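Coordinate inspection notes
For reference, the chains in residue letters:
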Amino acid sequence: MMAKGFLTHIKDHFGDGNYAGDEYGGAGGRDGSGLPTGEPGNFMFATGIECSYPTIDNGKTRRDLLAECGHYDRWKEDLALVKDLGLKVLRYGLPYYSMHLGPGKYDWEFADQAMAEMQRLEITPILDLLHFGVPDWIGNFQNPELPVHFAEFAGAVAQRYPWVRYYTPINEIFVTARMSAKDGIWNEQLKSDKAFVTAMKHIVAASIMATQQIAKVRPDCIIVQSESAEYIHELRATPCAQIKLENKLRFLSLDLLYAHHPDADVLNYLYDNGMTRREYEWFMAGEPPGYQVMGNDYYGRNERIILPSGEECTSMDVLGWYNITHEYYQRYRKPVMHTETNVFDANDAPTWLWKQWVNILRMRQEGVPVLGFTWYSLIDQVDWDIALSRKVGKVNACGLYDLDRKPRKVAESYRQLLQEYGQITIVPHGEMFQVTEQPATLKVEV
């Protein structure tokens, strides 16, 4: 079965149709129009629970950060910290790899408890359904059956928690494909352009199909696509063709997701590395349903400098979130959210928080609809300084709280930010509008 392409598997399970078009969830709102603009305080200040779960060691070792950071044992305490900090929104990842036991088989025990507590605390989850890994029985991102199986899981989640409106179907699609199939670090641990393109098309197709299944339950779903905002600075008088291509490939996941035609260099790269014309046309047929929000994740280490010698170093905030994200915004014209940021040095974290907020204020001054901001994550992380590539157990002091659930300096800075800006709206001066949502319409009264 693995020999068949992913479009064949989709057709076998869902029949003929314009799978990336309008038949799922209706055509309205996919450019973000119609999102509520009133209600003082509806800007989404958020944090997240670190939930990565790729495999390493050729699939023999599973890195589950929910376990390594103690969330399975302290989930109720963690959710209480979110509430105590004054945050109303939480990027929350369900452990897909351990929940989806096989076709039509699920383990809901942990998810039911955590989701019920979020509902009780009136925390709005942005539900993350796939975070760098898949169940063992699916294998890895080279499997063309992934879109079908993952879409089934997403539909089951939406049916079980119909009160959830916000979703990130697949976190950081570009990073997932690159780390798994081009850098050789996670999951299939391959290092080829063909493997990268194969992973990319399977993951993007999985996200599209998942969104379609979510929209059957929640036609008004809001899809916050969290994607890494990156740039490579090359300091050589004669630019390298490979670096120029890499700076174009950083858009690839969103180009395929949002049906945005890439340029000729990228298109040739796709065709040279296994994407068929029929597959490309499927991605370009139209956007997924729901309100689409472009979430950009930015860490100082997202920018890299290539020196004249060829040596690479981290540039730490040369362009910054504003400049890089503005380029993405000009390309896709989607509402924006700052969906991840942190630094590993706890002493630098308060200043980094305020610096990110300055970037957001500048973006809003430009008239760009910025819907939210996220410090990621709530609790310190483990081994992210080596991208989870080995199980060392080094604590990365990048959380609002440490692993003992004691607040770090940045938690107090976030409290100050909330006290000062907690009543702003997603659109400047949106407090002039009174918004009333009704079952089939959105009524705006002045």
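Overview of the structure.

The rules behind the values
Residues numbered from 1 in each chain as written. Predicted model: local features only at pLDDT ≥ 70, side-chain atom pairs only at ≥ 80, totals over all residues. Heavy atoms only, no water. Pairing = 2+ DSSP bridges. Helix = DSSP H or I, 4+ residues; strand = E, 2+ residues; numbered from the N terminus. Axes fitted to C-alpha atoms, helices over the stretch in contact; angles between N-to-C directions. Contact = heavy atoms within 4.5 Å. 1 Å grid on protein atoms, 1.4 Å probe; cavity = no way out; pocket = protein on both sides within 12 Å on 5 of 7 lines; lining within 4 Å. Points joined across faces, edges and corners; volume = space filled by probe spheres on them. Nonpolar A, V, L, I, M, F, W, Y, C, P; charged D, E, K, R; others polar. Core = buried A, V, L, I, M, F, W, Y, C linked by side-chain atoms within 4.5 Å. Buried < 20%, exposed > 50% of the residue type's maximum accessible area, 1.4 Å probe, protein only. Phe/Tyr/Trp six-rings, centres within 6.5 Å; stacked < 30°, edge-to-face > 60°. Polar contact = N/O pair within 3.5 Å; in protein donor to acceptor, adjacent residues only side chain to side chain. Parallel < 35°, antiparallel > 145°, perpendicular 65-115°, else oblique. Left-handed = near helix turned anticlockwise from the far one by under 90°.

Moving on, we come to the sheet that holds strand β7 (residues 124–128). Spatially, eight strands are ordered β1-β4-β7-β8-β9-β11-β14-β15 in a closed barrel, and the strand pairing comes out parallel. Neighbouring strand axes in the sheet, compared pairwise and without regard to direction, differ in orientation by 30 degrees on average. Sheet strands touched by helix α5 (residues 109–121): β4 (89–93) and β7. Its angle to β4, the strand with the most contacts, is close to 175 degrees. Strand contacts of helix α14 (residues 349–365): β1 (44–48), β14 (336–340) and β15 (370–375), with the helix running at about 170 degrees to β15, the strand carrying the most contacts.

This paragraph deals with empty space enclosed by the protein. Any empty space left between atoms is shown by rolling a water-sized probe over those atoms. Counted under the stated rule, the structure contains one cavity of 30 Å³ or more. The computed volume of the largest cavity comes to approximately 60 Å³. When the residues that make up the lining of the largest cavity are grouped by side-chain class, the tally is five nonpolar, three polar and three charged.

Attention now goes to the nonpolar core. Considering soluble globular proteins, one finds that nonpolar side chains tend to be buried as a cluster. L94, L129, F150, F283 and Y414 are the most contacted members of the largest nonpolar core, which totals 117 residues. Broken down by element, the residue count for this core peaks at 14 residues, all from helix α8 (residues 193–217). Y414 has contacts with F45, A46, L85, L87, L353, F373, W375 and L400, leaving out every residue within four places of it along the chain. In this structure, A46, V89, Y166 and I426 belong to the second largest nonpolar core, which totals twelve residues.

Per the stated rule, a full pass over the model turns up 26 aromatic pairs. Taking 4.8 Å as the distance between ring centres and 55 degrees as the angle between the ring planes, the aromatic pair formed by F43 and F45 counts as tilted. Both residues of the pair, F43 and F45, count as buried. Connected via pairs of aromatic rings, a cluster forms that spans F43, F45, W357, F373, Y414 and Y421.

Bringing the side chain of H71 into the picture now. For H71, the location among the structural elements is in helix α3 (residues 71–85). A polar side-chain atom of H71 sits 2.8 Å from a polar atom in the side chain of D78. Beyond its immediate stretch of four places on either side in the chain, H71 contacts I49, L66, D78, Y92, F110 and R405.

Running from N to C, helix α1 (residues 6–14) and α8 cross one another at 20 degrees; their axes reach a closest spacing of 11 Å. Here α1 lies roughly parallel to α8, going by the angle between them. By crossing handedness, the relation of α1 to α8 is classed as right-handed. Contact residues: α1 offers F6, I10 and F14, while α8 offers K201, H202, A205, M209 and Q213. For the contact of α1 with α8, a count of residues per class yields five nonpolar, two polar and one charged.

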